[in-house]
Structure formats: C-alpha cells, structure tokens
Amino acid sequence: TRHLGIGSYKEWTEEARLSWLTSELSSKRPLLRFDNIDEYVNFDSTVITTLKTFEMASQIRSADLGAYVISQAQTASDVLAVMLLQKQFGMTSSKGNMMRVVPLFETLDDLVNAPSVLETLFSIPLYVGAVKGRQEVMVGYSDSAKDAGRLAACWAQYNSQEKMAKCA
C-alpha cells in the first residue's frame with residue numbers, strides 16, 4: 001500500500017483494511033500494473049516472492065492446487081488479502097479458477113475470535129458471492145495447547161467449532 005501512496009497496510013485498523021480490500025476486490029482494474037514482477041525493485045524480497053508464488057499458481061488449474069490455507073489466521077482481512085492476491089493474477093470465482101481460501105485458527109485467542117471473523121466475512125456480500133455459500137475452516141491444536149494446555153485447548157476448539165457452525 002505504501003507503493004500505491006496510501007500508507008502502511010500494517011498500521012491500518014481492521015475496519016480500514018476491510019474497506020480497502022473490498023473496494024479493490026470490487027474494482028475491475030488490477031491492484032498493480034506490471035509486465036514483469038522484478039520491475040518492482042523497491043519491493044521487499046518477501047513481497048516479490050509472494051507475488052511470484054501467486055503468479056505461478058495462476059498458471060496451474062485451481063482444482064490441482066486445492067485450498068490456500070492461511071496459517072495463523074486472525075482476521076477477516078487475512079482472508080480477503082489472499083483473495084486480492086489471487087485476483088491480481090486473474091484467479092477469481094467468476095472465472096472459476098480461484099483457490100479456496102481456508103483460514104486456520106491455531107492459537108487460543110484465534111479460536112475464541114474465529115466465530116466473529118466468520119461473521120464479518122459473511123456480512124460482506126462480495127465475499128459471500130465469491131465463496132458461493134461454502135466456507136472451509138481449519139482449527140489447530142498444537143498452538144492452542146501451547147498457549148493454554150491440552151484440556152483448555154480442546155475445550156476452546158469445541159466451543160469455537162460450535163459457534164462457527166451457528167454462524168453458517
């Protein structure tokens with residue numbers, strides 16, 4: 001976002017991120033214009049690697065790729081950001097080549113917050129249309145067990161799954 005002259009995405013609130021991401025996902029134009037990713041010499045190497053990964057993924061049938069799992073997912077913007085990266089390379093639900101985006105909630109806090117993340121996603125018409133009424137979610141055990149112990153982690157997973165099911 002700094003490259004676009006609109007500030008630091010990391011410093012934005014979740015509401016600002018969601019607003020910007022939904023606007024960009026609704027736009028017909030690509031987020032970035034380039035013929036060659038390497039032209040962006042000002043980008044961090046991690047950004048270049050990420051863009052090249054999505055560029056490569058766009059050349060493979062989405063059915064062969066399966067799902068894009070977001071490890072350590074915490075917010076609805078985490079999911080929308082992956083959708084925007086796919087859109088940059090022509091991978092959209094309307095074209096039928098978008099990978100499923102699957103948040104993986106792993107820590108105790110993430111498990112507790114997972115139902116509200118889903119509620120936020122389901123409140124965005126563009127998202128609901130893109131996923132066509134289907135949502136995959138993964139819940140992790142090891143990080144939450146490290147955070148709170150095995151019993152508390154199991155209980156948190158159970159509660160989170162029950163609440164997420166009610167969101168759907």
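Quick note: structure is the one above.
Residues numbered from 1 in each chain as written. Predicted model: local features only at pLDDT ≥ 70, side-chain atom pairs only at ≥ 80, totals over all residues. Heavy atoms only, no water.

Q: What am I meant to see in unusual backbone geometry here?
A: Excluding glycine, residues mostly carry a negative phi; peptide bonds, for their part, are mostly trans. Backbone geometry places glutamine 72, a non-glycine residue, at a positive phi of 60°. Considering the arrangement of structural elements, one finds glutamine 72 in the loop between strand E1 (67-70) and helix H4 (76-88). Within the chain, lysine 132 stands out as a residue other than glycine whose phi angle is a positive 55°. Given a relative accessible area of 57%, lysine 132 falls into the exposed group. (Helix = DSSP H or I, 4+ residues; strand = E, 2+ residues; numbered from the N terminus. Buried < 20%, exposed > 50% of the residue type's maximum accessible area, 1.4 Å probe, protein only.)

Q: I would appreciate a short explanation of the pattern of salt bridges in the present structure.
A: Close approach of charged atoms lets side chains of opposite charge pair. Scanning the entire structure with this criterion turns up 3 salt bridges. A salt bridge links aspartate 64 to arginine 61; its shortest N-O distance comes to 2.8 Å. Accessibility assignment for this pair places aspartate 64 and arginine 61 in one class, exposed. Between glutamate 136 and arginine 100 there is a salt bridge whose closest N-O contact spans 2.2 Å. (Salt bridge = Lys/Arg side-chain N within 4 Å of Asp/Glu carboxyl O.)

Q: Any chance you could explain the pairing of strand E2 (residues 100-105) here in plain terms?
A: As a general feature of sheets, a regular strand has side chains that alternate between the two faces. Buried residues dominate E2, accounting for 5 of its 6 residues. Between the parallel elements E1 and E2, the chain passes through H4 in a crossover that is right-handed. (Right-handed = clockwise from strand over helix to strand, strands pointing away.)

Q: I keep staring at the side chain of glutamine 86 and nothing clicks. Help me out?
A: With respect to the helices and strands, the residue glutamine 86 is situated in helix H4. According to the relative accessible area criterion, glutamine 86 is buried, its value standing at 0%. Discounting chain neighbours no more than four positions away, the residues touching glutamine 86 are Phe54, Met91, Met98, Met99 and Val101. (Contact = heavy atoms within 4.5 Å.)

Q: Looking at this structure, I do not really get the packing of aromatic side chains. What am I missing?
A: One pair of aromatic rings is described through two measures. These are the centre distance and the angle between the planes. Applying the stated rule across the entire model yields 5 aromatic pairs. Arranged with centres 5.6 Å apart and planes meeting at 55°, the rings of tyrosine 9 and tryptophan 12 form a pair that is tilted. Relative to tryptophan 20, the ring of tryptophan 12 lies with its centre 5.6 Å away and its plane at 75°, an arrangement referred to as edge-to-face. An aromatic cluster of at least three residues, connected via ring pairs, comprises Tyr9, Trp12 and Trp20. (Phe/Tyr/Trp six-rings, centres within 6.5 Å; stacked < 30°, edge-to-face > 60°.)

Q: What is the right way to read the nonpolar core from this model?
A: It is characteristic of soluble globular proteins that their nonpolar side chains tend to be buried jointly. The biggest cluster of nonpolar side chains holds 40 residues, and the ones touching the most others in it are Leu80, Met83, Phe105, Leu121 and Tyr127. The set of elements that each furnish at least two residues to this core consists of helix H1 (14-26), helix H2 (45-57), H4, E2, helix H5 (108-122), helix H6 (125-131) and helix H8 (150-167). A total of 6 residues in this core trace back to one element, the largest contributor, which is H4. Here leucine 80 is in contact with Leu18, Leu21, Thr22, Leu25, Leu121, Ile124 and Tyr127, once residues within four sequence places are set aside. (Core = buried A, V, L, I, M, F, W, Y, C linked by side-chain atoms within 4.5 Å.)

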